[in-house]
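Listed below are the residues making up each chain.
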Amino acid sequence: MSNQAVLFDMDGVLVDSEPIWYDVETTLVEGMGGTWSPEDQAKCIGGTVDWFCRYVIELTGSTRTPEDVQEEVLESMAARITDALTVHDGALELVDAVRSRGISTALVTSSYRALVDPALVWLGAHRFDAVITGDEVMTGKPHPEPYLAACRVIGIDPRAAVVIEDSVSGVRSAEAAGCTVVVVPSVVPIEPAERRHVVESVAAIDPDWLLGLAPVTR
């Protein structure tokens, strides 16, 4: 593999899981006596499961523990992902095109391992040289640790990595790590900036253009 890498977020980038999340979140919150809105979902996209559980408890005023809420969320999501998961058009083709050029790839997600493993059945674990999950880092997105960890495992300078993200939290994480970012907004609009490029879909990304965004380091 070369001294470049492409790092992929999972939810909203490779797989269309946000509608599943919204259904599970709505059922959970209504069961706790609250109401869940698209605005609530937008606040939580890209964040850790632990942070989401605490948000829901504060929103509903529930006396349930974060650990109890997390168990229900992970169980419901894992069952839904195992049953069916929609992969975004062009997503696997892009990963394969990058790898065919000798470039390392990694999956860097806030989702926990209990959800990532069933998702990898649909995505193909062989497509990634590293998989960093939300429960395998000390501090999740928007902290840079997840992307720094992926670069460390691959053995790549973060400045030579291009990240594909869909959330504000994920973009902040990648940029803080020093990576170039390509954004495919899913729920919350995100504006372009220095070393941040916005595209309409994963299918619209040309692999050669993508690899030209980050410098090759020595």
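Residues numbered from 1 in each chain as written. Predicted model: local features only at pLDDT ≥ 70, side-chain atom pairs only at ≥ 80, totals over all residues. Heavy atoms only, no water.

### So, helix H3 (residues 49-60)
Side chains three or four residues apart in an α-helix point the same way, a direct result of the helix having 3.6 residues per turn.
Reasoning step 1: If you check H3, its first and last C-alpha atoms are 17 Å apart, about what twelve residues at 1.5 Å a residue would give, namely 16 Å.
Reasoning step 2: Where H3 is concerned, the buried positions are Val49, Phe52, Cys53, Tyr55, Val56, Ile57 and Thr60.
Reasoning step 3: In this fold, the buried residues of H3 make contact with helix H1 (18-31), helix H2 (38-44) and helix H4 (66-83).
Reasoning step 4: Looking one or two places after H3, you find Gly61, whose phi comes out positive at around 70°. (Helix = DSSP H or I, 4+ residues; strand = E, 2+ residues; numbered from the N terminus. Expected span 1.5 Å × (residues − 1). Buried < 20%, exposed > 50% of the residue type's maximum accessible area, 1.4 Å probe, protein only. Contact = heavy atoms within 4.5 Å.)

### Considerations on H1
Reasoning step 1: In a regular helix each residue adds 1.5 Å, so 14 residues correspond to 20 Å; H1 covers 20 Å between its end C-alpha atoms and thus fits that length.
Reasoning step 2: Buried within H1 are the following residues: Glu18, Ile20, Trp21, Val24, Glu25, Thr26, Leu28 and Val29.
Reasoning step 3: The inward-facing, buried residues of H1 contact H2, H3, H4 and helix H6 (113-123).

### With respect to the nonpolar core
Reasoning step 1: Ranked by internal contacts, the top residues of the largest apolar core, which has 53 residues, are Leu14, Phe128, Ile164 and Leu210.
Reasoning step 2: Sorting the residues of this core by element identifies strand S1 (5-8), H1, H3, H4, helix H5 (91-100), H6, strand S4 (161-165) and helix H9 (207-211) as the ones contributing at least two each.
Reasoning step 3: Those residues in contact with Leu14, other than ones at most four positions away along the chain, are Phe8, Asp9, Val87, His88, Ala91, Val95, Leu107, Leu123 and Phe128.
Reasoning step 4: With 23 residues, the next largest nonpolar core counts Ala5, Ile132, Val137 and Val183 among its residues. (Core = buried A, V, L, I, M, F, W, Y, C linked by side-chain atoms within 4.5 Å.)

### What about the packing of aromatic side chains?
Reasoning step 1: Evaluation of the coordinates by the stated rule reveals three aromatic pairs.
Reasoning step 2: Centroid distance Trp36 to Phe52: 5.8 Å. Interplanar angle 85°. Geometry classified as edge-to-face. Here Trp36 is found in the loop between H1 and H2, whereas its partner Phe52 is found in helix H3, with 16 residues between them in sequence.
Reasoning step 3: Residue Trp36 is classed as buried on the basis of its relative accessible area, which comes to 5%.
Reasoning step 4: Taking the relative accessible area as the measure of exposure, Phe52 reaches 4% and is therefore buried.
Reasoning step 5: Their ring planes at 25° and their centres at 5.4 Å tell us that Trp51 and Tyr55 sit as a pair that is stacked. Placement of both Trp51 and Tyr55 in helix H3 is noted, with a separation of four residues, approximately one turn of the helix.
Reasoning step 6: Looking at Tyr55, the relative accessible area reads 15%, which means it is buried.
Reasoning step 7: By way of ring pairs, the aromatic residues Trp36, Trp51, Phe52 and Tyr55 are connected into one cluster. (Phe/Tyr/Trp six-rings, centres within 6.5 Å; stacked < 30°, edge-to-face > 60°.)

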